Every structure is written in structure tokens, then in C-alpha cells.
Amino acid sequence: MTETLNVEIWRGDEKGQFQSFAIPTRPHQTVLDVVTEVQREHDATLSYRFACRVGMCGSCAMVVNGRPRWTCRTRVNAVIGGGNHLRLEPLRNFTIVKDLAVEMTQFFDKWKEAHGYFEPGPHEKSDFAVVSPQSRERQAADAGIECIGCGVCYSACDVVGWNKDYLGPAALNRAWTLMNDVRDFDQAARLDAVSGDDGCQACHTHMSCTTFCPKAIAPTYSIAGLKRAAVIGVLRGAR
Amino acid sequence: MNARFFAAQRITAFVLAFAVVIHLTTIIYAVRGGLTAADILARTHGNTGLALFYGVFVIAVAIHAPIGLRNVLREWSAWHGRTLDTSLAFLALLLLVLGLRAVTAVFGS
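First things first, this report covers the structure right here in the doc.

Conventions and cut-offs
- Residues numbered from 1 in each chain as written.
- Chains lettered and ligands numbered in written order.
- Predicted model: local features only at pLDDT ≥ 70, side-chain atom pairs only at ≥ 80, totals over all residues.
- Heavy atoms only, no water.
- Helix = DSSP H or I, 4+ residues; strand = E, 2+ residues; numbered from the N terminus.
- Buried < 20%, exposed > 50% of the residue type's maximum accessible area, 1.4 Å probe, protein only.
- Polar contact = N/O pair within 3.5 Å; in protein donor to acceptor, adjacent residues only side chain to side chain.
- Contact = heavy atoms within 4.5 Å.
- Patch = residues over 30% accessible without salt bridge, like charges linked within 9 Å, V, L, I, M, F, W, Y side chains within 5 Å.
- Areas by Shrake-Rupley, 256 points an atom, 1.4 Å probe, with all protein chains shown as cover.
- Salt bridge = Lys/Arg side-chain N within 4 Å of Asp/Glu carboxyl O.
- Expected span 1.5 Å × (residues − 1).
- 1 Å grid on protein atoms, 1.4 Å probe; cavity = no way out; pocket = protein on both sides within 12 Å on 5 of 7 lines; lining within 4 Å.
- Points joined across faces, edges and corners; volume = space filled by probe spheres on them.
- Nonpolar A, V, L, I, M, F, W, Y, C, P; charged D, E, K, R; others polar.
- Buried area = accessible area lost by both parts, 1.4 Å probe.
- Phe/Tyr/Trp six-rings, centres within 6.5 Å; stacked < 30°, edge-to-face > 60°.
- Pairing = 2+ DSSP bridges.
- Axes fitted to C-alpha atoms, helices over the stretch in contact; angles between N-to-C directions.

What follows is about the side chain of Asp99 of chain A. Residue and element names in this part refer to chain A. By secondary structure assignment, the location of Asp99 is in the loop between strand E6 (95-98) and strand E7 (101-103). For Asp99, a relative accessible area of 1% puts it in the buried group. Within polar-contact distance, the side chain of Asp99 engages the side chain of Arg11 at 3.2 Å. Within the structure, Asp99 has its side chain in polar contact with the backbone nitrogen of Gly12 (distance 2.8 Å). The contacts of Asp99, once residues within four sequence positions are left out, are Trp10, Arg11, Gly12, Thr45, Leu46, Ser47 and Pro90.

Laid out in C-alpha cells, this is it:
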């Protein structure tokens, strides 16, 4: 590795451009370290998001050398391929607020549109629900439950790229975890919510979401589960 | 694509996967010995089994193709909504009428 990194960072909004910075290489340097160094030592007006720096909050996601990643969990060595070039862009498929910070309102609104929230039912339960960890439903829910809403899958999704109304992998994955929650009381409404023209059936199974998810979740399989559930609903005359 | 269209497209795809293979195999086999169109029509007229097979084939095509075209148009153009759905319903009807007319002509007695 050379002693200096050539870092290109997107500046401005949709009509912005890349600005180059020369940053010293350091041992075990993460991409977030580089962004922080640029802001502290070169240009204090650089805008970006981060919070935990240890892969828990999901707020530091950006496009690093063409691929969406958590910058806090990405070492520079792993992405420059022996060279010294680092290109940082805001997440794709989001509106850019400024520089590397994006507007995430639409992303989270789609979680609501997909009925991605628990429906406890009309009556208070008298006792705890017993859910076996070995049950098929619980295991299906467990497979997708660790999503922290970082937006990497949404940025990687081709379908979101050409249809801004598509609910996207994260919202559909959340809906699938709830479809497998035996305590939930509104499965029919949820299945309706994810079965519109912009719902699960619009997925082309490109699997970019599954490839890039930093939590190794497979939203593609969750979406396939929703498609199966929707077809079964049609065959049973429920839709 | 809503759930009904999705289910209809998948079920008809399953039918077409078999029907297309049988259709292609049959036409390739039929012309190997130098049969003319008149020879073939003489054999197909009044064949109820083949008439039923191609009837199902035409119905599957009339359902499958407009749904697929709807998906492509929705994804690659700004044409959405009722006019798109109505136009494709007419296309489905056209495919059905023309297809069943051909089935009647070839397999009718």
C-alpha cells in the first residue's frame, strides 16, 4: 500500500461533484476513519452520518468504490485492491441531503406502508404467548429479525432504482418477519399491503440486497416467502 | 404486479413450459417426412385431443402474455393505471379470439 490515499468524495446534492483529498494511510484504517479525518483535518463542511462506529447503528452506510457498505466496518485495505484510490458516494436510491448524508424518510415510510409493525389485536392478553424457538415460523422470523435499517439493501436494489414506489427489501423483510409472528392479529391486511403493484411481486430476484446486507440477512428469501404466501392466499380465495 | 396477476402468470407459465415443448416437438417431427400443409390438416381435422391441448395452450398464452407485457410496460415506461390495464385486457381478448379461431380451423371437423 502507498503512503497516501487518493480519496474522492461526493460533495453537494444531486447536482454535486467529486472532490479529491490526499489522506495518509494508517494501520487498520476504516473508511469511516478516512471520512472523519477529511472532515477534521481538511474540510469541516463535509456532511456525513455516523454514531456507534462499531456496526450497531447502521447510520454510516455509503457507497464505497461502487458498493454499498457500512463504512465503520470496512477497512480501507479490503476495498482498494492494492491501489490507493477510494471513491465515496452517498447511498443510491435516496435523495441526497448534502455530501454523504441522505434523506431516509421515504425508506422508513415504506416500512409503515408494508405494514411493518406489530398488531397486538383488540384484547389485552392474560398471559405470555409461548413461541417455540424451534417452530418453523419462529425460525423464519429469526432469519430476518436482525435488520437495523441501515439502507444498504435499498441502495443496492435495482428495482428501487427504476421504480421509486417499490417497497424495497428492508420493508418487505420486516413484513415477512411479522408474517411469521404467531402473536400478530393483522396478517391479512399485511399480505394485502405487500401484494400491490409495488410490493413483493415486483422483486426480480437479482439478490443484490442479499449480497450486500452487512448483517448477512437474505431479504430475497423473505420476499420469496411473501410471494408464496400471496399465491397461497389467491388459491384459497382470500385475495 | 398484484397477487392475482402474479399467481395467474406463474400458473400459466407452468402450463406453457410443457405445452411449448410438446408443440415444438410435434411440429419438428411432423415436417421431417416431407408432409405438406394439406397432409397435416387432413390428419388434424376432427382430432379432439389436440383441439383440447391447443385450446388450453391458447388460453394460457392469452393470460400469460398480457400480464408479462404489463410488467414490462410498468417498469420501463410511464404508462400506468386504468388505460394500460384496459388495453392489455383487449390484447388478452384478441389473443384468445385469434388463437381459438386458429384452433377451430386446424382441428375442427
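A few words on a nonpolar patch on the surface. Judged by side-chain polarity, Val20, Leu24, Ile27 and Ile28 of chain B come together as a nonpolar surface patch covering roughly 330 Å² of accessible area. Structurally, the position occupied by Ile27 of chain B is in helix H1 (residues 3-32).

Further remarks concern helix H10 (residues 219-235) of chain A. The first and last C-alpha atoms of H10 of chain A sit 24 Å apart over 17 residues, in line with the 24 Å expected at 1.5 Å per residue. Among the 17 residues in H10 of chain A, twelve count as buried, and that is most of the element. What H10 of chain A keeps buried is the set Pro219, Thr220, Ser222, Ile223, Gly225, Leu226, Lys227, Ala229, Ala230, Val231, Gly233 and Val234 of chain A. The inward-facing, buried residues of H10 of chain A contact helix H7 (169-179), helix H8 (187-193) and helix H9 (208-212) of chain A together with H1 of chain B. Two residues or fewer past H10 of chain A, Gly237 of chain A is found with a positive phi of approximately 80°.

With that settled, the discussion passes to empty space enclosed by the protein. Residue and element names in this part refer to chain A. Enumeration over the complete set of coordinates arrives at three cavities of 30 Å³ or more. One number sums up the size of the largest cavity: a volume of about 120 Å³. Cys147, Cys150, Cys153, Cys213 and Ile217 are, among the 15 residues lining the largest cavity, the residues nearest its centre. For the lining of the largest cavity, the secondary structure elements donating two or more residues are helix H5 (152-156) and H7. Residue composition of the lining of the largest cavity, grouped by class: eleven nonpolar, three polar and one charged. Taken as a whole, the second largest cavity holds about 100 Å³ of empty space. Forming the walls of the second largest cavity are 14 residues, and the residues nearest its centre are Cys157, His206, Met207, Ser208 and Cys209. Broken down by secondary-structure element, the contributors of at least two residues to the lining of the second largest cavity are helix H6 (158-162), H9 and H10. Split into classes, the residues belonging to the lining of the second largest cavity amount to eight nonpolar, five polar and one charged.

This next bit is on the side chain of Thr30 of chain A. Among the secondary structure elements, Thr30 of chain A is positioned in the loop between strand E2 (17-24) and helix H1 (31-42). Discounting residues that sit within four places of it in the chain, Thr30 of chain A has contacts with Thr71, Cys72, Thr74, Arg75 and Val76 of chain A.

Residue and element names in this part refer to chain A. Across its twelve residues, H1 extends 16 Å between first and last C-alpha, which sits within 8% of the 16 Å expected from 1.5 Å per residue. Residues Val31, Leu32, Val34, Val35, Thr36, Glu37 and Val38 constitute the buried set of H1. Where H1 is buried, its residues touch strand E1 (4-11), E2, strand E3 (61-64), helix H2 (76-79) and strand E5 (85-89).

All right, on to the interface of chain A and chain B then. In this complex, chain A contributes 14 residues to the contact, which on the side of chain B involves ten residues. Roughly 1,200 Å² of surface becomes buried between chain A and chain B when both sides are summed, with 58% attributable to carbon and sulfur atoms. Counting the contacts that link chain A with chain B gives three salt bridges. A salt bridge links Arg70 of chain B to Asp197 of chain A, with the shortest nitrogen-to-oxygen separation between them at 2.8 Å.

With that out of the way, let us pick up the packing of aromatic side chains. Applying the stated criterion to the full structure yields 14 aromatic pairs over all chains. Between Phe107 of chain A and Phe108 of chain A the ring centres are 4.8 Å apart and the planes differ by 70°, which places this aromatic pair in the edge-to-face class. On the basis of relative accessible area, Phe107 of chain A is assigned to the buried category, the value being 2%. On the basis of an interplanar angle of 70° and a centroid distance of 6.2 Å, the ring pair of Phe53 of chain B and Phe57 of chain B is categorised as edge-to-face. Of this pair, Phe53 of chain B and Phe57 of chain B are both found in helix H3 (residues 48-76), four residues apart, which corresponds to roughly one turn of the helix.

Residue and element names in this part refer to chain A. If you walk across this open sheet you meet the five strands as E2-E1-E5-E3-E4, and the pairing is mixed. The sheet is open, and its two borders are formed by E2 and strand E4 (67-70), each paired with just one other strand. Averaged over all pairs of adjacent strands, the angle between strand axes in this sheet comes to 35°, irrespective of strand direction. Here E3 pairs with E4 via four bridges, running antiparallel. Bridge pairing in E4 places Ala61 opposite Trp70.

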